[in-house]
Amino acid sequence: MSRSIMKLPKLNPVSPDKLLNFSVTTSWGIRDPARFHALIAEAMKLVSPGYHVGDNLVTWGKNNSALEDGLFRQAWESNLRSEADRAMVWRRYVLACAGYHCTQLPGDFVECGVLYGTGIKTVVDYLGGARFTKTFWGYDAFEFSQVDGAPADKQGDFLAEVRKRFEGYPKVKLVKGMVPASLRRAPRRICYLHLDLNQVEAEVAALERLFDRVVTGGLVVLDDYEWSGKYRPQKIAEDAWFEARSYRVFPLPTGQGLVLKR
């Protein structure tokens with residue numbers, strides 16, 4: 001049986017002399033935001049171009065490849081719902097590049113912790129949109145409560161809203177339910193696994209259920225791995241889980257962690 005081959009996005013030519021800068025005021029854990037951002041703005045006047053400010057990541061002298069990849073930039077900008085989405089450009093590009101790699105492997109795409117589907121849709125749009133040939137499974141409770149800090153008009157079931165974003169995307173399958181119970185419908189082979197559950201027990205349970213299904217060469221992206229504070233227990237538990245299997249998580253400056261399945 002013939003297999004549908006995905007047309008991969010091409011990188012556009014870039015100037016060897018021109019670097020793009022990126023700066024937003026959306027970050028977290030800042031005691032005095034006004035003073036902090038004033039100081040950062042002053043500091044950026046003293047550094048070489050190619051700076052990035054946002055999502056708790058301040059760098060300079062970088063290529064900012066996400067901004068130079070025209071097709072990614074189009075996919076990212078067309079899916080922005082909030083200033084947080086804008087700030088996460090580097091994180092989203094990690095997912096897009098992981099997706100590019102994984103489209104060339106056997107297996108399905110899986111994301112646990114979908115929220116409004118922005119991560120999935122950005123990756124799928126970068127890789128062809130409605131012509132995306134892999135099945136992309138998204139698992140989430142699709143509910144907010146007062147405990148989550150959601151505004152009153154966003155509490156309750158919002159699956160219909162997320163489904164509407166994927167009208168015309170036949171390869172995206174959304175599954176409502178709590179992880180790991182909802183993973184009874186998980187695919188047998190996985191090439192791309194993105195965990196963004198914000199909760200240590202659920203993430204470890206997802207790894208227990210899904211990691212053995214990740215194919216050789218497949219990628220696992222842990223969204224919260226390198227974030228400290230309330231997310232630090234996830235790193236501690238995931239380090240122990242992977243070390244027991246002789247793996248090390250690659251810590252990324254975006255706050256993510258990356259694992260290459262061997």
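These lines cover the structure that appears in this document, whether it is placed above or below. These numbers come from a predicted model, not from an experiment.

Inspection of the entire model under this criterion finds twelve salt bridges. Across the pair Glu83 and Arg86 runs a salt bridge whose closest N-O atoms are separated by 3.8 Å. Here Glu83 and its partner Arg86 are both found in helix α4 (residues 83-87), three residues apart, which amounts to about one turn of the helix. Relative accessible area serves as the criterion here: at 46%, Glu83 is assigned to the partly exposed category. Through salt bridges with shared partners, a single ionic network connects Asp55, Arg91 and Asp223.

Before going further, it helps to spend a moment on helix α5 (residues 89-102). With 14 residues, α5 should cover 20 Å at 1.5 Å per step; its first-to-last C-alpha distance of 20 Å lies within 8% of that length. Burial runs high along α5: ten of the 14 residues are buried. Every buried residue of α5 is accounted for by Val89, Arg91, Arg92, Tyr93, Val94, Leu95, Ala96, Ala98, Gly99 and Cys102.

So, about a nonpolar patch on the surface. A cluster of nonpolar side chains, contributed by Phe36, Val58 and Trp60, occupies part of the molecular surface with about 260 Å² of accessible area. In this fold, Val58 is placed in strand β3 (residues 57-59).

Backbone hydrogen bonds are what pair the strands of a sheet, in a parallel or an antiparallel way. Strand order across the open sheet formed by three strands is β1-β2-β3, with mixed pairing between neighbours. With partners counted over all chains shown, the strands left at the sheet margins are β1 (22-23) and β3, one partner each. Both β1 and strand β2 (residues 52-54) contribute to a ladder of two bridges, which runs parallel. Of the residues in β2, the one forming a bridge with Phe22 is His52.

So, on to the state of the cysteines. Taken as a whole and judged by the stated rule, the model has zero disulfides. Between Cys112, a free cysteine, and Cys191, which holds the nearest cysteine sulfur, the sulfur-to-sulfur gap is 14 Å. For Cys112, a relative accessible area of 0% translates into the label buried.

What follows deals with the environment of Ser182. Tracing the sequence through the fold places Ser182 in the loop between β8 (172-176) and β9 (190-195). When its relative accessible area of 9% is taken as the criterion, Ser182 is described as buried. Sequence separation between Ser182 and Glu208 is 26 residues, and the spatial gap between their C-alpha atoms is 13 Å. Excluding residues that lie within four positions of it along the chain, Ser182 makes contacts with Tyr139, Val175 and Gly177.

What follows deals with the nonpolar core. In terms of nonpolar packing, the biggest core is built from 39 residues, with Phe72, Phe109, Phe136, Val162, Val172, Leu174 and Tyr192 touching the most fellow members. For this core, the secondary structure elements donating two or more residues are α2 (65-68), α3 (70-78), α5, α6 (118-126), α7 (159-165), β8, β9 and β10 (214-222). In this structure Tyr192 touches Leu95, Ala98, Gly99, Cys102, Asp108, Phe109, Val110, Val123, Phe136 and Leu219, once residues within four positions along its chain are discounted. Counting residues in each nonpolar core, the second largest holds 28 residues, with Leu207, Leu210, Val214 and Val249 among its members.

Conventions we followed
- Residues numbered from 1 in each chain as written.
- Predicted model: local features only at pLDDT ≥ 70, side-chain atom pairs only at ≥ 80, totals over all residues.
- Heavy atoms only, no water.
- Salt bridge = Lys/Arg side-chain N within 4 Å of Asp/Glu carboxyl O.
- Helix = DSSP H or I, 4+ residues; strand = E, 2+ residues; numbered from the N terminus.
- Buried < 20%, exposed > 50% of the residue type's maximum accessible area, 1.4 Å probe, protein only.
- Expected span 1.5 Å × (residues − 1).
- Patch = residues over 30% accessible without salt bridge, like charges linked within 9 Å, V, L, I, M, F, W, Y side chains within 5 Å.
- Areas by Shrake-Rupley, 256 points an atom, 1.4 Å probe, with all protein chains shown as cover.
- Pairing = 2+ DSSP bridges.
- Disulfide = S-S within 2.5 Å.
- Contact = heavy atoms within 4.5 Å.
- Core = buried A, V, L, I, M, F, W, Y, C linked by side-chain atoms within 4.5 Å.

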